Amino acid sequence: MAEENTAQSLADLKNVVDGTAVGATTGDVKVIDPATLPDPKIDDLGRAYATGKRKNSIARVWIKPGNGKITINGRDVEVYFARPVLRLIIAQAFQVSDRVDSYDVMATVKGGGLSGQAGAVRHGITKALTYYEPILRGPLKAAGFITRDSRVVERKKYGRAKARKSFQFSKR
């Protein structure tokens, strides 16, 4: 099922790039006018900047056209995120938008653990892609990457072992 959704979203992306998009519920063909899209937000150095957040992690991300080199806190992505799952999370935005190895990414990340940092980098890459190419907003939003994942750890309550776990009950 995941493969069908990926193939469908890539086909949708092709339709969006061509200028025609099919409505999800009605099947109507909508023509996207490039004049109605917002202007790209690119700085003097040809980069797009965005901030991504996940749990307690904050990532500052810059993207620019290149050959797909990803640098995080001055280190290569394979060194910083040793687990393949975390590298996969980061690459999802490029796969959905069909821009694999098209952009170089430079990111600085603070706070949280590696999982939260990977999610923050993905969120930042997604927002930066939409700033660089506004036409990609539709497919990335449909994949759910633009919305910040607001789930955070629940705080510990008094009189309890953790947030919800109680101490062992003793009858005598």
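For the structure itself, look to the data block above.
Remember, predicted model here, so these are calculated numbers, not experimental data.

Scoring rules and cut-offs
- In this numbering scheme, every chain counts its residues from 1 along its sequence in written order.
- Given that this is a predicted model, residues contribute local features only at a pLDDT of at least 70 and side-chain atom pairs are listed and counted only at 80 or more, while totals for whole chains, interfaces and linings are drawn from all residues.
- To obtain the side-chain values, all non-hydrogen atoms of the structure were included, while hydrogens and water were left out.
- By the criteria applied, helices consist of DSSP H or I runs no shorter than four residues and strands consist of E runs no shorter than two, each listed in order from the N terminus.
- By this rule, a helix spans an expected 1.5 Å times one less than how many residues it contains.
- Three exposure classes are used, based on accessible area relative to the maximum for each residue type with a 1.4 Å probe and protein chains only: buried under 20%, partly exposed in between, and exposed over 50%.
- Two axes enter the bend calculation: one fitted to the seven residues ending at the residue in question, the other to the seven starting there, and the bend is the angle between them.
- Each polar contact in these results corresponds to two N or O atoms within 3.5 Å; when the atoms are within protein, one needs to be able to donate a hydrogen and the other to accept it, and residues that are neighboring in sequence are counted only if both atoms are side-chain atoms.
- Lines fitted to C-alpha atoms define the axes, with helix axes restricted to the stretch in contact, and inter-axis angles between N-to-C directions lie between 0 and 180 degrees.
- Roughly parallel refers to an angle under 35 degrees, roughly antiparallel to one over 145, roughly perpendicular to one between 65 and 115, and oblique to any angle outside these ranges.
- Any pair of residues with heavy atoms lying within 4.5 Å of one another is described as a contacting pair.
- Put simply, Ala, Val, Leu, Ile, Met, Phe, Trp, Tyr, Cys and Pro go in the nonpolar bin, Asp, Glu, Lys and Arg in the charged bin, and everything else, Gly too, in the polar bin.
- Between the rings of Phe, Tyr and Trp (Trp by its six-membered ring), a pair exists once the centres lie within 6.5 Å; its type follows the angle of the planes, with under 30 degrees stacked, over 60 edge-to-face, and the other angles tilted.

Our next topic: helix H4 (residues 114-132). Taking 1.5 Å per residue as the helical rise, H4 with its 19 residues ought to reach 27 Å, and the 26 Å between its terminal C-alpha atoms agrees with that figure. By the criterion of burial, H4 is predominantly enclosed, with 14 of the 19 residues buried.

Another point: helix H3 (residues 84-96). With 13 residues, H3 extends 18 Å from end C-alpha to end C-alpha; this agrees with the ideal 18 Å at 1.5 Å per step. Of all the bends in H3, the greatest, near 35 degrees, is centred on Ile-90. Within H3, burial applies to Leu-86, Ile-90, Ala-93, Phe-94 and Val-96. Where H3 ends, the next residue or the one after it, Asp-98, has phi of about 60 degrees, a positive value.

Attention now moves to the side chain of Ser-97. Mapped onto the fold, Ser-97 is located in the loop between H3 and strand E7 (103-110). Residue class for Ser-97 comes out buried when judged on its relative accessible area of 0%. Among the polar contacts listed, one links the side chain of Ser-97 to the backbone oxygen of Phe-94, at a separation of 3.3 Å.

All right, on to the packing of H3 against H4 then. Relative to each other, H3 and H4 sit at 10 degrees, their axes nearing to 8 Å. In terms of their interaxial angle, H3 and H4 are classed as roughly parallel. Residues Leu-86, Ile-89, Ile-90, Gln-92, Ala-93 and Phe-94 of H3 form the contact with H4, whose own contacting residues are Leu-114, Ser-115, Ala-118, Gly-119, Val-121, Arg-122, Ile-125, Thr-126 and Leu-129. Residue composition of the contact of H3 with H4, grouped by class: 10 nonpolar, four polar and one charged.

Each pair of aromatic rings is reported with the distance of its centres and the angle of its planes. This model, assessed by the stated rule, comprises four aromatic pairs. Taking the centre distance of 5.0 Å and the plane angle of 45 degrees together, the rings of Tyr-49 and Trp-62 count as tilted. With Tyr-49 in strand E3 (residues 48-54) and Trp-62 in strand E4 (residues 57-65), the pair connects residues that are 13 residues apart, well separated along the chain. Note on Trp-62: relative accessible area 16%, which makes it buried. Plain terms: the ring middles of Tyr-80 and Phe-81 are 5.0 Å apart, the flat faces sit at 85 degrees to each other, and that makes the pair edge-to-face. When sorted by exposure, Tyr-80 lands in the same class as Phe-81, which is buried. An aromatic cluster is present here, built from Phe-94, Tyr-103 and Tyr-132 joined pairwise through their rings.

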